[in-house]
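# Structure at a glance
One-letter residues, chain by chain:
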Amino acid sequence: MNLEMKRREFLKVMGWTGAGLAVAACDRPSFITSREGRNHVVSYLEPEEFAIPGVGVTYASTCQQCPSACGVNARVREGRVLKLEGNLNSPLNKGKLCAVGQASLQNHYNPDRITKPRVRRDGRLVEIGWDDALALLREKIGPDAGLNGKRFAWMTDTISGHQAVLVDALMESLGSNNHYVYEPINSAVWRAVCRDMLGDENPRLGIEKARVVLSFGADFLSTWGGAVSGSARYAEFRNAPRGVLIAAESKMTQTGANADLWVPVRPGSEGVLALGIANVLASSHGRDLSALPASVRAQIDAHDAAKVAGITGTSEEHIKRIAELLHERSPSLVLAGASAEGHEHGYDSVAAAMTLNLILGNVGRTIESSAGFPFPQLRARSGNGRSVIDFAQALEEKRFDVVFFKGVNPAFTAPAALRLNELLAGGPFKVALTQFEDETTLLADLVLPLYSSLEDWGTHVPSIQPERNFISIQQPVMEPLYPETRGFGDLVLSLLHMRGDKDYAGYEDYYAYLQHAFVALPADVKNSVTKGVGGDAAFWSAVMQQGVLEFNTATPAALVAKPVAFEVQAAAAEGNGYFLLPSANPNLWDGRHANLPWIQELPDTISKAVWDSWAEIHPKTAAKLGDVKTGDVLRIASEHGTLEVRAFVYRGMHPDAIAIPVGQGHTAYGRYAKGRGVNPYAILATAQDRKTGEPAHHMTRVNASVIRRADVTWNNGSGMDRLVVQGGSSTQVGRKLVVTVSADQFERTEGGRA
Amino acid sequence: MSVTGLLFSGHSSCTRADTVVDRGIRRLPVLVTLFVLCAFAFFLPQPAQAQSPIPNAVPPTDTYSGPRVEQPIEFPHDVHVEQNGINCMYCHTYARRSKVAGIPPTSKCMGCHLVIATDKPRIQKLTEYWEKREPPPWNKVHDLPDFVHFNHEKHIDRFVLGNDFPVERVKEVCAFCHGEVKNMTVAEKSRPLTMGFCQRCHQANEGPFDCWKCHK
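Residues numbered from 1 in each chain as written. Chains lettered and ligands numbered in written order. Predicted model: local features only at pLDDT ≥ 70, side-chain atom pairs only at ≥ 80, totals over all residues. Heavy atoms only, no water.

## Observations concerning the packing of helix H9 (residues 270-285) of chain A against helix H14 (residues 346-359) of chain A
Residues and elements named next belong to chain A. Interaxial distance between H9 and H14 falls to 7 Å at its minimum, and their mutual angle equals 25°. Taken together, the axis directions place H9 and H14 in an arrangement best described as roughly parallel. The chirality of how H9 crosses H14 is left-handed. Residues Gly271, Ala274, Ile277, Ala278 and Leu281 of H9 pack against Ser349, Ala352, Ala353, Leu356 and Ile359 of H14. A breakdown of the residues in the contact of H9 with H14 according to their chemical character gives eight nonpolar, two polar and no charged. (Axes fitted to C-alpha atoms, helices over the stretch in contact; angles between N-to-C directions. Helix = DSSP H or I, 4+ residues; strand = E, 2+ residues; numbered from the N terminus. Parallel < 35°, antiparallel > 145°, perpendicular 65-115°, else oblique. Left-handed = near helix turned anticlockwise from the far one by under 90°. Contact = heavy atoms within 4.5 Å. Nonpolar A, V, L, I, M, F, W, Y, C, P; charged D, E, K, R; others polar.)

## Observations concerning the packing of aromatic side chains
All names here are of chain A. One pass over the structure, following the stated rule, counts 25 aromatic pairs over all chains. Relative to Phe551, the ring of Phe375 has its centre 5.3 Å away and its plane inclined at 65°; by these criteria the two rings are edge-to-face. Of this pair, Phe375 sits in the loop between strand S14 (367-368) and helix H15 (386-396) while Phe551 sits in strand S20 (residues 548-551); the two residues are 176 residues apart in sequence, bridging distant segments of the chain. Note on accessibility: Phe375 and Phe551 belong to one class, buried. Both rings, one in Tyr504 and one in Tyr507, keep their centres 6.4 Å apart while their planes meet at 55°; by these two values the pair is tilted. Take Tyr504 and Tyr507: they sit in the same class, and that class is buried. (Phe/Tyr/Trp six-rings, centres within 6.5 Å; stacked < 30°, edge-to-face > 60°. Buried < 20%, exposed > 50% of the residue type's maximum accessible area, 1.4 Å probe, protein only.)

## Things to note about the nonpolar core
Residues and elements named next belong to chain A. Judged by nonpolar contacts, the single largest core of 78 residues is most densely connected at Phe216 and Ile277. It is H14 that contributes the most residues to this core, nine residues altogether. Each of two domains, domain 2 (188-368) and domain 3 (578-708), supplies a minimum of three residues to this core. Excluding anything up to four places from it in sequence, Ile277 contacts Leu214, Phe216, Ile319, Ile322, Ala323, Leu326 and Leu356. (Core = buried A, V, L, I, M, F, W, Y, C linked by side-chain atoms within 4.5 Å. Domains from an automatic or database assignment.)

## Focus on helix H8 (residues 170-178) of chain B
All names here are of chain B. Where H8 is concerned, the buried positions are Val170, Lys171, Val173, Ala175 and Phe176. Packed against the buried residues of H8 are helix H3 (77-83), helix H4 (88-91), helix H7 (152-161) and helix H9 (195-204). Within two residues after H8, Gly179 carries a phi angle of roughly 75°, on the positive side.

## Quick word on the packing of helix H5 (residues 106-113) of chain B against helix H6 (residues 121-131) of chain B
Residues and elements named next belong to chain B. One can describe the packing of H5 onto H6 by two numbers: an axis separation of 11 Å at closest approach and a directional angle of 130°. With respect to H6, the element H5 is oriented oblique. You can see that H5 and H6 cross each other, and the crossing is left-handed. Contacts from Thr106, Ser107, Cys109, Met110 and His113 of H5 reach H6 at Ile123, Leu126, Thr127 and Trp130.

## What to know about the domain arrangement of chain A
A common way to express how large an interface is: the accessible area buried when the components associate. When the domains of chain A are assigned, the result is domain 1 (118-180 + 381-460 + 483-506), domain 2 (188-368) and domain 3 (578-708). Taking only C-alpha atoms, the centre of domain 1 of chain A and the centre of domain 2 of chain A are 39 Å apart.

## A few points about the side chain of Gln65 of chain A
Residue and element names in this part refer to chain A. By secondary structure assignment, the location of Gln65 is in the loop between strand S2 (57-62) and strand S3 (71-77). Among the residues examined, Gln65 registers a relative accessible area of 4% and is labelled buried. Among the polar contacts listed, one links the side chain of Gln65 to the backbone oxygen of Val100, at a separation of 3.0 Å. (Polar contact = N/O pair within 3.5 Å; in protein donor to acceptor, adjacent residues only side chain to side chain.)

## Section: the confidence of the model for chain B
Residue and element names in this part refer to chain B. Summarising the model, chain B shows a mean pLDDT of 82, and 76% of its residues fall at 70 or more. Looking over chain B, one finds the lowest element-wise mean pLDDT in helix H1 (residues 3-9), namely 35, and the highest in H6, namely 96. The low-confidence segment residues 1-24, where pLDDT is below 50, has 51 contacts with residues more than four positions distant or belonging to other chains. When the criterion is pLDDT under 50, residues 45-50 qualifies, and its contacts beyond four places in sequence or with other chains add up to four contacts. The ipTM for the predicted assembly is 0.73, set against a pTM of 0.85. (pLDDT = per-residue confidence, 0-100.)

## Concerning the sheet that holds S2 of chain A
Residue and element names in this part refer to chain A. Here three strands make up an open sheet; going across it, the order is S2-S3-S4 and the pairing antiparallel. Looking at which strands have only one partner, the edges of the open sheet turn out to be S2 and strand S4 (80-86). Strand-to-strand twist of the sheet, defined as the mean angle between neighbouring strand axes without regard to direction, takes the value 30°. The sheet contact formed by S2 and S3 spans six bridges and is antiparallel. Within the sheet, the bridge partner assigned to Tyr59 lies in S3 and is Ala74. (Pairing = 2+ DSSP bridges.)

## What about the sheet that holds strand S8 (residues 179-181) of chain A?
All names here are of chain A. The strand order across the open sheet built from seven strands is S6-S5-S17-S16-S15-S7-S8, with neighbouring strands paired in mixed fashion. Edge strands, defined here as strands with exactly one partner in the open sheet, are strand S6 (124-127) and S8. Adjacent strand axes in the sheet meet at a mean angle of 20°, parallel and antiparallel pairs treated alike. When strand S5 (residues 118-121) meets S6, the two strands line up antiparallel, connected through four bridges. Bridging across to S6, Arg118 finds its partner in Glu127. The sheet strands contacting helix H5 (residues 161-174) are strand S7 (152-156) and S8, and the helix crosses S7 at an angle near 165°.

## Things to note about unusual backbone geometry
In the segment running from Ser330 of chain A into Pro331 of chain A, the intervening peptide bond is cis, with an omega of 0°. Phi is positive for Arg419 of chain A, which is not a glycine, with a value near 55°. Along the chain, Arg419 of chain A falls in the loop between helix H16 (410-413) and helix H17 (420-426). Positive phi is not limited to glycine here, since Asn56 of chain B has a value of about 55°. Note on placement: Asn56 of chain B falls in the loop between helix H2 (17-43) and H3.

Rendered as structure tokens:
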């Protein structure tokens with residue numbers, strides 16, 4: 001007897017006989033998800049005392065979705081991890097966790113995970129066993145392989161803690177120093193400026209201590225310097241007395257959307273705007289510039305507000321107002337991010353922004369040293385974008401025989417103009433240590449499947465240490481889902497064993513090594529955790545339970561500002577097409593989260609679009625291109641390629657720029673990511689910042705034309721025939737959802753200035 | 001215990017089988033003795049059960065005849081409950097602590113059956129599983145759709161522990177939803193467990209009636 005009740009049947013019952021009978025239908029058993037007689041119920045063989053089926057247990061670990069290294073608590077029930085939350089013990093994220101961190105679960109349970117090693121045979125990747133895979137590796141990098149270490153390279157994402165120590169050891173054992181640390185979304189230019197002007201590459205930014213924050217495209221609420229800790233500091237900054245946030249950028253970021261004053265800046269002229277503000281600070285507010293080099297002073301003198309307004313497209317009034325706010329509300333904080341960094345003169349623009357901090361006396365007040373982490377060998381090797389350009393150059397020169405990839409997908413994130421795919425295809429023996437079949441993995445000759453972050457051991461040291469120095473611990477929260485995957489640390493350790501490295505011969509696995517490393521810590525560190533009660537076992541258990549190990553370190557010496565000379569320019573004048581801004585999307589990041597359905601479903605914070613790519617353009621640009629409406633299809637062409645993408649008309653853009661978020665446009669990477677949207681990385685120019693060599697990703701010029709209207713059905717291959725935007729309207733349509741008051745009225749009735 | 005052992009013992013879900021096996025086997029003689037003693041206590045003649053009704057309770061009356069679900073081992077509930085008087089919660093020990101009653105761990109079966117009825121084919125089959133270090137793959141008999149959250153702990157509390165009802169007679173409460181399991185060999189579904197069944201009982205016993213109590 002089929003007792004199943006379909007929705008249509010249910011509605012029929014409702015329609016014909018009314019609610020009375022519908023309630024009677026409650027007696028018809030539902031088999032929608034019930035598995036009677038079909039599912040096994042498996043008991044424990046021998047239960048642990050604390051394990052009660054149906055009741056969760058929590059383990060502390062570390063999130064691996066972005067380089068921030070936030071602490072997480074994982075709730076586990078019946079041996080399955082169900083939910084992640086922030087770990088309260090972590091001084092970095094203090095119990096908070098972002099949406100991308102929550103989606104780690106889908107990384108772990110993803111149906112597209114690689115479950116067995118694969119090797120390339122006759123051009124195809126076929127599954128093999130670990131013994132064969134390791135034998136092949138022995139042939140390539142074993143002690144008898146005769147590999148010249150200089151011809152070995154490893155490209156990883158940001159790496160820290162004991163994994164970094166092991167990678168260093170392997171590189172040393174091979175005699176190689178070709179470790180490329182690659183992060184497409186980074187703040188490498190900012191770090192270089194901090195290193196040169198403050199003597200500390202990763203200063204701690206006291207957003208919460210500032211009374212006004214000026215951001216030149218530094219999206220600290222989403223992709224710049226750790227969103228969770230940035231948001232926590234921002235929340236404090238907005239508490240009474242409420243700090244003022246000003247954003248000057250060419251494309252509205254999430255931080256910009258939260259600003260009190262959002263100023264559109266012509267792309268590439270952020271440095272000029274900083275000079276203009278410095279000029280007003282000196283001329284109208286008497287700020288002292290004498291500590292600056294003469295060349296810098298001359299540039300500031302030469303950029304009065306009127307001139308700067310002409311170059312940047314920012315009104316003179318706004319420039320004066322920003323200077324006034326910075327002068328009146330001390331201490332302040334000036335930050336510079338991707339849109340300032342991403343030009344040939346990116347370093348100079350960021351240096352100009354940092355000079356404002358010097359003029360305003362912020363160094364030592366809102367910008368402090370985060371030095372003092374006691375174990376330099378564990379510190380983060382922070383990624384940059386230059387490494388992929390250097391890597392491509394080395395491939396071009398045929399300098400490598402064997403390359404390893406871990407946590408990076410350069411075949412997707414490198415501009416097509418670098419010809420990386422071509423260089424890799426014909427080049428060295430490529431080994432991909434990965435969970436998924438992404439674009440880089442598809443090029444590999446050997447694929448080694450890794451544990452998910454929820455199955456693996458590790459330690460992580462955030463590059464910017466918060467007020468208390470600490471290591472974050474990553475521990476498995478459940479048994480590996482696939483028996484033929486391996487932990488990253490275990491794998492590197494087994495390679496060290498294969499090389500016959502004596503220092504690591506005694507460690508059976510990565511867990512044994514980690515445990516030994518912790519037990520070997522100085523007694524005062526251990527006592528600070530155990531309070532002298534219990535031995536090493538108690539210390540190790542306590543560290544595992546807390547998920548972090550803090551160090552009582554002395555306050556580092558105050559930063560000393562050292563002004564440097566720089567030469568600010570604005571990007572070339574109009575006439576060469578629009579600037580293409582490959583905007584960093586807080587959800588998809590550099591594309592590594594495009595295979596997580598929750599993240600695809602999560603609306604972009606600005607456009608509210610889902611499951612697709614779009615091009616943000618200003619209404620003026622839209623009018624110029626021929627009355628373009630949201631949803632019309634644009635063809636966007638640089639000299640390196642063409643993209644077809646739907647328009648999103650939005651006022652939070654500079655009219656000279658078109659922004660396309662990065663992260664979509666995968667040609668591989670599993671069922672959720674593949675063939676969805678477009679990849680703006682592909683058509684970027686290969687220009688570099690002149691001082692740091694970082695990719696100048698924000699200066700590619702493109703032409704745009706409308707090729708289809710929104711109402712014409714067009715499918716970009718991903719099954720989406722229109723742009724799905726979950727926000728209904730950009731205005732309140734008179735509904736007073738958020739009550740607002742005009743600045744004039746506020747001034748009149750509240751007696752203050754907005 | 002080694003430090004490694006300590007850590008792994010803190011990881012029920014991640015326990016590496018080998019560590020647990022070693023420890024289990026080392027302790028086995030002690031465990032066996034304890035279990036045998038406990039089991040004998042359960043086999044002692046029980047005082048004649050009072051037939052007084054369950055206070056503050058209106059037992060549901062609906063019946064249902066579910067299909068017979070084949071099991072890897074034909075577990076005889078009647079032998080355990082009716083003939084030997086073992087309390088339901090001796091094996092389904094999680095019922096009073098969790099939303100699920102739990103299938104007893106294999107170690108609990110073996111606690112008695114290392115010495116009791118070892119000549120019976122069903123016990124020999126159980127022993128085979130135990131020696132393979134695998135729990136028998138029992139098939140589900142009572143299941144609810146994923147959008148229904150039934151909580152055993154709350155019901156045991158309402159009708160037994162918080163109701164001044166002797167825990168020795170808990171099987172009469174279990175029978176509300178599971179029928180006369182004491183007379184069955186392999187458990188069979190003998191109540192409909194539909195929403196209507198739940199609602200009528202909640203109405204009669206003044207249970208909560210909010211949608212989200214069960215649908216969450």
